[in-house]
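Structural features, examined
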Amino acid sequence: MYDCLAPELTKATRELHPALRWKTQSWLRLNAKRNTSPLALSKAFAAATSLGFRTENLANGSVVILNLDLQDALMFSRRYPDLLAEYEPINPFCLHK
């Protein structure tokens, strides 16, 4: 978890990690494991958009799903076991800015 009280970061720094970019939203980042077909990542992206979640593709090929709760994040992790999942909940201290 990243501190929301940190000074503003440059755009290049925010691109490095979703936690620096989406401090006031929960998010799930999905990456393809080594020797995993990119098709699994495409399927997860399609499922997220069909469920109405906002998604973004990062430059490294990973997919970020925004504004989902823990149960939804666990559902994606179970449904796509070949993908590496990293979940970050909303930091309540960042909401008061």
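Refer to the preceding data block for the structure.
To start, this report covers the structure provided alongside it. Predicted, not measured: the structure shown is a model, and the values here were computed from it. (Residues numbered from 1 in each chain as written. Predicted model: local features only at pLDDT ≥ 70, side-chain atom pairs only at ≥ 80, totals over all residues. Heavy atoms only, no water.)

**What about the sheet that holds strand β2 (residues 54-57)?**
- Ordered by their spatial adjacency, 4 strands build an open sheet running β2-β3-β1-β4, and the pairing between neighbours is antiparallel. Edge strands, defined here as strands with exactly one partner in the open sheet, are β2 and β4 (83-88). The average angle at which neighbouring strand axes cross in this sheet is 20°, direction not considered.
- Note: strand β1 (residues 27-32) against strand β3 (residues 63-66), 4 bridges, orientation antiparallel. Bridging across to β3, W27 finds its partner in L66.
- The strands touched by helix α4 (residues 70-79) within the sheet are β1, β3 and β4, with β4 carrying the most contacts at an inclination of about 170°. (Pairing = 2+ DSSP bridges. Helix = DSSP H or I, 4+ residues; strand = E, 2+ residues; numbered from the N terminus. Axes fitted to C-alpha atoms, helices over the stretch in contact; angles between N-to-C directions. Contact = heavy atoms within 4.5 Å.)

**So, the pairing of β1**
- Relative to β4, β1 runs antiparallel, the two sharing 6 bridges. Residue pairing in the sheet places N31 in a bridge with L84 of β4.

**Considering unusual backbone geometry**
- One non-glycine residue, N35, lies in the positive phi region at around 65°.
- A residue is classified by how much of its surface remains accessible, and N35, at 80% relative accessible area, is exposed. (Buried < 20%, exposed > 50% of the residue type's maximum accessible area, 1.4 Å probe, protein only.)

**Remarks on helix α3 (residues 38-50)**
- When the terminal C-alpha atoms of α3 are compared, their 18 Å separation across 13 residues agrees well with the 18 Å that a helix rising 1.5 Å per residue should span.
- For α3, the complete set of buried residues consists of A40, L41, A44, A47 and A48. Around the axis of α3, the buried residues are gathered within 125° of arc, so they sit on the same side. Opposite its buried face, α3 presents the exposed residues P38 and S50, each directed more than 90 degrees away. (Expected span 1.5 Å × (residues − 1). Arc of directions from axis to C-beta.)

From the geometry alone we can't say anything about function, so treat these as descriptive.
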